[in-house]
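# Topology and contacts: notes
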Amino acid sequence: EHPLTVVIKLKTEGGDELRMIFSYLTVPQIVDFKIKIVARNSTFTGEVLEASSLLNNLQLDALLPAKQTHNFESWIMEKMGKTKDDTNTYAWVQKVAGISIDPPGKEIEMSSNQRDVLIRSVVKATLERFEHRVSLQEQLNTMIHSKSFKQENIPKEIVNIYPQKIKSKLKSFEPFTWEQFCQNSEHSDLMTKGVIHSHDFLYKCVITRGIATLTGLIAVKASYPDDTPIFILTLAWKDRWNSSNNEWIRDLEREINVEIEEQHKNKSVLIHQVYKLSALLDVMLECISAMDPEPLFTKEHNFEVPVDGRQRKLPLVYDPVNCIFTTRS
């Protein structure tokens, strides 16, 4: 290792620090790269803030032609024993350092202006990823300690667009292994189509109201929040309903996975989805119960009819202005 080491320190507005450490290795003639996280809160621990996962799949495609990246991946896996998850990061690190990745180890001719633009773009992308992960860990901490999942601990801009009183409660929120995830979601076409992968961050949440239990398996992508977390839902009440056997569950999954307005696809989107799911479980149980001779769940929310149209759609869209649930048009 060359005696010269370069450290770039990035700090969020909240005071969390990320250190990017670059060291030149003279034998393979490439730049080694490590990161160190100095969190302001010692409780901020978890896989989303692990150094090994923080920069996975950080998209800097403009820096890395696909052919060059592929050749470099093969080379660095063979020469340095790096995993495939590491290779993308190592590829753009060489570009920032001015070292060619095809062939590896040669110097790249680059003007000072080009290098300045390149470094700024990398620093911006890395700091943004770090800020998003810190926010994600804050949300996870709130939900894992489910007693903290209260309106006062959720951003007001989220709370204000849903009913003020929500009966359904978050009972638990926990990390899930890939094996557990596969065993409990085999019915979902999200699994069979390969939308969810083993390297995603995986969780299980349980929301209850009375005897009804809604279980959500959640996949969070490394690119969070650019890619919205994916929920696979199962409701245990009258029967065991999921997306393979119940149209209402398919509609509920769509509301959580797809029908998030653009202005809400921000760094708080995960806790938003869980809070929204609690509100929608409320109205779902009340609507289905309203069609029974003796309703188990009394009507707490405002909706005109429990189901609408030939497809018997539930009113899963909340209008915060008129304080009413309606069906999606």
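Below is a summary of the structure that appears in this document.

Criteria and thresholds
Residue positions are counted from 1 within each chain, in the order its sequence is given. In view of the model being predicted, local features appear only for residues whose pLDDT reaches at least 70, and side-chain atom pairs are presented and counted only at 80 or more, with totals across whole chains, interfaces and linings using the full set of residues. The basis for the side-chain values is all heavy atoms of the structure; hydrogens and waters are excluded. Helical segments are the DSSP runs of H or I of at least four residues, strand segments are the runs of E of at least two, and each set is numbered from the N terminus. The term polar contact refers here to a pair of N or O atoms within 3.5 Å; inside protein, the definition further demands a hydrogen-donor-capable atom paired with an acceptor-capable atom, and it admits residues adjacent in sequence only when both atoms are side-chain atoms. In what follows, residue pairs with any heavy atoms lying within 4.5 Å of each other are defined as contacts. Only Phe, Tyr and Trp rings take part, Trp by its six-membered ring, and two of them pair if their centres are within 6.5 Å. Stacked means planes under 30 degrees apart, edge-to-face means over 60, and tilted covers everything else. Only protein chains enter the area calculation, which uses a 1.4 Å probe; residues under 20% of their type maximum are buried, those over 50% are exposed, and those in between are partly exposed. Strand pairing requires that DSSP identify at least two bridges connecting the strands. To get an axis, fit a line to the C-alpha atoms, keeping to the stretch in contact for a helix; angles then go from 0 to 180 degrees between the N-to-C directions. Here, a salt bridge means any side-chain nitrogen of Lys or Arg that lies within 4 Å of a carboxyl oxygen of Asp or Glu.

Among the secondary structure elements, Lys276 is positioned in helix H9 (residues 269-290). Separated by 2.9 Å, the side chain of Lys276 and the backbone oxygen of Glu259 make a polar contact. With sequence-adjacent residues up to four places away left out, Lys276 is seen in contact with Tyr162, Glu255, Ile256, Glu259 and Ile260.

This part takes up the packing of aromatic side chains. Within the structure shown, the criterion is met by 7 aromatic pairs. Here Phe22 and Phe33 contribute two aromatic rings whose centre-to-centre distance is 5.0 Å and whose plane-to-plane angle is 45°, an arrangement assigned as tilted. With Phe22 in strand E2 (residues 17-25) and Phe33 in strand E3 (residues 30-38), this pair connects stretches of sequence that are 11 residues apart. Each member of the pair, Phe22 together with Phe33, is buried. Here the aromatic rings of Trp237 and Phe297 are separated by 5.2 Å at their centres, their planes lie at 75°, and the arrangement is edge-to-face. Here Trp237 is found in the loop between strand E9 (230-236) and strand E10 (240-242), whereas its partner Phe297 is found in the loop between H9 and strand E11 (317-319), with 60 residues between them in sequence.

Turning our attention to the sheet that holds strand E6 (residues 169-175). Pairing within the open sheet is antiparallel, and its 5 strands lie in the order E6-E7-E8-E9-E10. Two strands bound the open sheet, and with one partner strand each, they are E6 and E10. On average, each strand axis in the sheet is tilted by 20° relative to the strand beside it, whichever way the strands run. Summarising the sheet, strand E7 (residues 201-209) and strand E8 (residues 212-220) pair through 9 bridges and their orientation is antiparallel. Each residue of the ladder has a partner; that of Phe201, found in E8, is Val220. Here helix H8 (residues 247-257) sits on the sheet in contact with E8, E9 and E10, set at roughly 145° to E9.

All right, on to the sheet that holds E2 then. Taken in spatial order, the 3 strands line up as E1-E2-E3 in an open sheet, and their pairing is antiparallel. Sheet topology places strand E1 (5-11) and E3 at the edges, where each strand pairs with a single neighbour. Each adjacent strand pair in this sheet contributes to an overall mean axis angle of 20°, direction not counted. Bridge count between E1 and E2: 7 bridges; the pairing is antiparallel.

Quick look at the pattern of salt bridges now. Per the stated rule, a full pass over the model turns up 18 salt bridges. Arg19 serves as the salt-bridge partner of Glu17, at 2.4 Å between the closest nitrogen and oxygen. Arg19 sits in the partly exposed class, given a relative accessible area of 24%. We note a salt bridge from Lys221 to Asp200, for which the minimum N-O separation is 2.8 Å. Of this pair, Lys221 sits in the loop between E8 and E9 while Asp200 sits in the loop between helix H7 (189-192) and E7, and the two are 21 residues apart along the sequence. Each of the two residues, Lys221 as well as Asp200, counts as buried. Taken together, the shared-partner salt bridges in this structure form one network comprising Arg254, Glu255, Glu259, Lys276 and Arg328.

Moving residue by residue along a regular strand, the side chains alternate between the two faces of the sheet. Connecting E1 to the next strand, E2, in antiparallel fashion are 5 residues, including Gly15 with a positive phi near 100°. Sheet analysis places E2 next to E3, joined by 9 bridges and oriented antiparallel. Looking at the pairing, Leu18 lines up with Ile37 of E3. Taking the residues between adjacent antiparallel strands as the criterion, E2 and E3 are bridged by 4 residues, where Gln29 takes a positive phi near 60°.

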